[in-house]
Amino acid sequence: MECPEVAERLWEYLDDELAAKEAAALAFHLEGCGHCRPHYRCDRAFLVLVVRSLRAPCPAPARLRMVVRARLDELRAGR
Ligand SMILES: [Zn+2]
């Protein structure tokens, strides 16, 4: 596998979407190529950040929480 193909398929590799044989060829290329490896590390770091941000809790605004809590209290009180 050559550099342009690696660049083109890097995201498929990172997303684990390549066939085992292609993934192995790409990994082999990354091991020996000082040009592609930094791209791989950068893209992988970006992917890790995206995954982390998706897993992080996304707190609701305080006002919304208050409204929901008040409505739940009303429902509990049978109003
Ligand atoms: Zn390369």
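Look above for the structure.
First, a word on what this report is: a plain description of the structure on this page. Along each chain, residue indices are assigned from 1 in the same order as the chain's sequence is written. In view of the model being predicted, local features appear only for residues whose pLDDT reaches at least 70, and side-chain atom pairs are presented and counted only at 80 or more, with totals across whole chains, interfaces and linings using the full set of residues. Side-chain numbers come from the whole structure's heavy atoms, not from hydrogens or water.

1. Things to note about the coordination of the zinc ion
Now for step 1: Note on the zinc ion: its protein donors are Cys-3 (SG), His-29 (NE2), Cys-33 (SG) and Cys-36 (SG). The metal-donor distances range over 2.0 to 2.3 Å.
Now for step 2: Bound by four donor atoms, the zinc ion shows angles of 105 to 115° at the metal and therefore tetrahedral coordination geometry.
Now for step 3: Along the chain, the residues donating to the zinc ion fall in the pattern C-x25-H-x3-C-x2-C. A residue pair is termed long-range when its members are at least 10 positions apart, and Cys-3 in helix 1 (residues 3-14) and His-29 in helix 2 (residues 20-32) qualify at 26 residues.
Now for step 4: Relative accessible area serves as the criterion here: at 25%, Cys-3 is assigned to the partly exposed category.
Now for step 5: The buried label applies to any residue whose accessible area, calculated with a 1.4 Å probe on protein chains only, is under 20% of its type's maximum; exposed applies above 50%, and partly exposed to all values in between. Given a relative accessible area of 12%, His-29 falls into the buried group. Coordinating donors are taken as N, O and S atoms within 2.8 Å of the metal, stretched to 3.2 Å for Na, K and Ca; because water is absent from the atoms, sites can appear incomplete. Four donors are marked tetrahedral only if all angles between them lie between 85 and 135 degrees, whereas four are marked square planar and six octahedral if opposite donors are more than 155 degrees apart and the other angles lie between 65 and 115; the remainder are marked irregular. Every helix listed is a DSSP run of H or I at least four residues long, and every strand listed is a run of E at least two residues long, numbered separately from the N terminus.

2. Some words on helix 3 (residues 36-55)
Now for step 1: To estimate the expected span of a helix, subtract one from its residue number and multiply by 1.5 Å. Here helix 3 is 20 residues long and its end C-alpha atoms lie 29 Å apart, about the 28 Å a rise of 1.5 Å per residue gives.
Now for step 2: Against the buried residues of helix 3 lie helix 1 and helix 2. Residue contacts are counted whenever heavy atoms from the two residues lie within 4.5 Å of one another.

3. Re the packing of helix 1 against helix 3
Now for step 1: Relative to each other, helix 1 and helix 3 sit at 20°, their axes nearing to 11 Å. Here helix 1 is positioned roughly parallel relative to helix 3, judged by the angle of their axes. As helix 1 packs across helix 3, the resulting crossing turns out to be right-handed. Residue-level contacts link Cys-3, Val-6, Leu-10, Trp-11, Tyr-13 and Leu-14 of helix 1 to Cys-36, His-39, Tyr-40, Asp-43, Arg-44, Phe-46 and Leu-47 of helix 3. Here the axes come from fitting lines to C-alpha atoms, over the contacting stretch only for helices, and the angles between their N-to-C directions go from 0 to 180 degrees. Any angle that is under 35 degrees is reported as roughly parallel, and any over 145 degrees as roughly antiparallel; angles of 65 to 115 degrees are reported as roughly perpendicular and all others as oblique. Whether a crossing is left-handed or right-handed is set by the direction in which the near helix is turned from the far one by less than a right angle, anticlockwise for left-handed and clockwise for right-handed.

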